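Listed below are the residues making up each chain.
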Amino acid sequence: MGEKVHFSELGLVNTRDMFQRAVGGGYAIPAYNFNNLEQLQAIVTACAETASPVIIQVSKGARSYANSTMLRYMALGAVEMVREMGSNIPIALHLDHGDSLELCQSCVDSGFSSVMIDGSHLPYEENVALTRQVVEYAHAHDVTVEGELGVLAGIEDEVQADHSTYTKPEEVEDFVKKTGVDSLAISIGTSHGAYKFKLKEGEQVPPLRFDILTEIEKRIPGFPIVLHGASSVVQDYVRLINAYGGRMEGAVGVPEDQLRQAAASAVCKINIDSDGRLAVTAKVREYLAKNPEEFDPRKYLGAARQELIALIKHKNETVLGSAGKA
Ligand code: G3H
Ligand code: 13P
Ligand code: ZN
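Starting afresh in each chain, residues are numbered from 1 along the sequence in its written order. Whichever chain is written first becomes A and whichever ligand is written first becomes 1, with later ones labelled in order. Since the coordinates come from a predicted model, pLDDT governs what is reported: local features require at least 70, and pairs of side-chain atoms require 80 or more to be given and counted, while whole-chain, interface and lining totals use all residues. In computing side-chain properties, one takes all heavy atoms of the structure into account and sets aside hydrogens as well as water.

A.B. asks: Now, about the site of ligand 2: what can you tell me, with residues and values included?
C.D. replies: Any residue with a heavy atom positioned within 4 Å of a molecule or strand is treated as near that molecule or strand. The immediate surroundings of ligand 2 are formed by 16 residues, with Asp96, Lys196, Ser231, Asp273 and Ser274 found nearest. By the criterion applied in these results, polar contacts are pairs of N or O atoms within 3.5 Å in which, for protein atoms, one can donate a hydrogen and the other can accept it, and in which residues neighboring in sequence qualify only through two side-chain atoms. One of the backbone N or O atoms of Gly229 is found 2.8 Å from an oxygen atom in ligand 2. Within the backbone of Asp273, one N or O atom sits 2.7 Å away from an oxygen atom of ligand 2. Using a 1.4 Å probe, accessible areas were evaluated by the Shrake-Rupley method; residue-level cover was limited to the displayed protein chains. When the free accessible area of ligand 2 is taken as 310 Å², the share hidden by the protein chains comes to 97%. Taken together, the residues of the shell around ligand 2 break down into two nonpolar, eleven polar and three charged. Under the grouping applied here, Gly and all other residues not named as nonpolar or charged are polar, the nonpolar ones being Ala, Val, Leu, Ile, Met, Phe, Trp, Tyr, Cys and Pro and the charged ones Asp, Glu, Lys and Arg.

A.B. asks: Run through helix 5 (residues 101-109), naming residues and quoting values.
C.D. replies: If you check which residues of helix 5 are buried, you get Leu101, Leu103, Cys104, Cys107, Val108 and Asp109. The contact rule is simple, with two residues in contact once any of their heavy atoms fall within 4.5 Å. The numbering of helices and of strands both runs from the N terminus, where a helix is a DSSP run of H or I of at least 4 residues and a strand a run of E of at least 2. Elements in contact with the buried residues of helix 5: helix 3 (60-66), strand 3 (91-98), strand 4 (114-117) and helix 6 (124-139). In the stretch just after helix 5, Gly111 is the one whose phi turns positive, near 110°. Relative accessibility decides the category of a residue: with a 1.4 Å probe and only protein chains considered, values under 20% of the type maximum give buried, values over 50% give exposed, and everything between is partly exposed.

A.B. asks: Please set out the packing of helix 7 (residues 169-179) against helix 8 (residues 210-219) residue by residue, giving values where relevant.
C.D. replies: Fitted lines through C-alpha atoms serve as axes, helices being fitted only where they are in contact, and the angles separating the N-to-C directions of these axes extend from 0 to 180 degrees. Two elements in contact, helix 7 and helix 8, have axes separated by 8 Å at closest approach and are oriented at 35°. When you trace helix 7 past helix 8, the crossing you get is right-handed. Contacts between helix 7 and helix 8 pair Pro169, Glu170, Val172 and Glu173 from the former with Ile212, Glu215, Ile216 and Arg219 from the latter. Residue composition of the contact of helix 7 with helix 8, by class: four nonpolar, no polar and four charged. When the near helix sits turned anticlockwise from the far one by under a right angle, the crossing is termed left-handed; a clockwise turn instead gives a right-handed crossing.

In structure tokens:
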């Protein structure tokens, strides 16, 4: 990693003000994952064009894919590009699913304005202790911290078979108090990836556990809640992927109306990665199949970027309700 840099030098903001406004405002801040130039361009362009605050987030894997020094300048470039567009939207750079104190510290030192420490797979007291350590370091640099209670099925669940463990509402107050986190990710039935529910013929997606969310809200009123695994797994993309050589049978996600309901409540950050991946893959497959002679990456990645912009605008405007809130 290069020299230390504070997020404010990159024109970024932490999540504190964004969340405060979103909690009272009945909408959620979008947190879109990115790994490369085209995804980042699409995210900030769409958010600038819809006047939406935005959290651009990278996983540990994305950070090593993109390179941490490169990432710092990508974030700086994204902020400057948006300002040149005449937009003043707030942009936070967030570490998604941080798994150690050292990784969180390294992100704070390289310009992140927000970090997640995901101790959800640990015994409760160990999760508290690790999260507390991250909060102490991050807050000393004015960086905000997301913690997690409850385990989502899917990638977080390596040690727990393939089912989720819902957040226990009776733990949230103690966790928030002892750790000092700024926001809390919870488990109410979502999961990561493109195969969120195993449905039999004719079965509908089961509703999220809004009863648990309500219980949590009662215990920590006004506290920012985060929903992971919130892609809808857009079926038009799944069809395109399958039509042009892919194989994604049974891919299904969270219906948009349920996400809208969550965004209107204490959920003030909604994480979306898989839908962006699907949009890119669908358009790249379609473009290459229809233009077999083409070999310029700008052509097929350009088509993917256009689609991603359209998808993100749609999400901000009709699902999260964040459009016009910057
Ligand atoms: O929640 C995880 C995100 O979708 C990032 O996934 O670790 O494959 O980059 P990744
Ligand atoms: P999806 O896989 O549903 O997009 O969830 C992304 C996420 O939670 C990133 O942390
Ligand atoms: Zn996640």
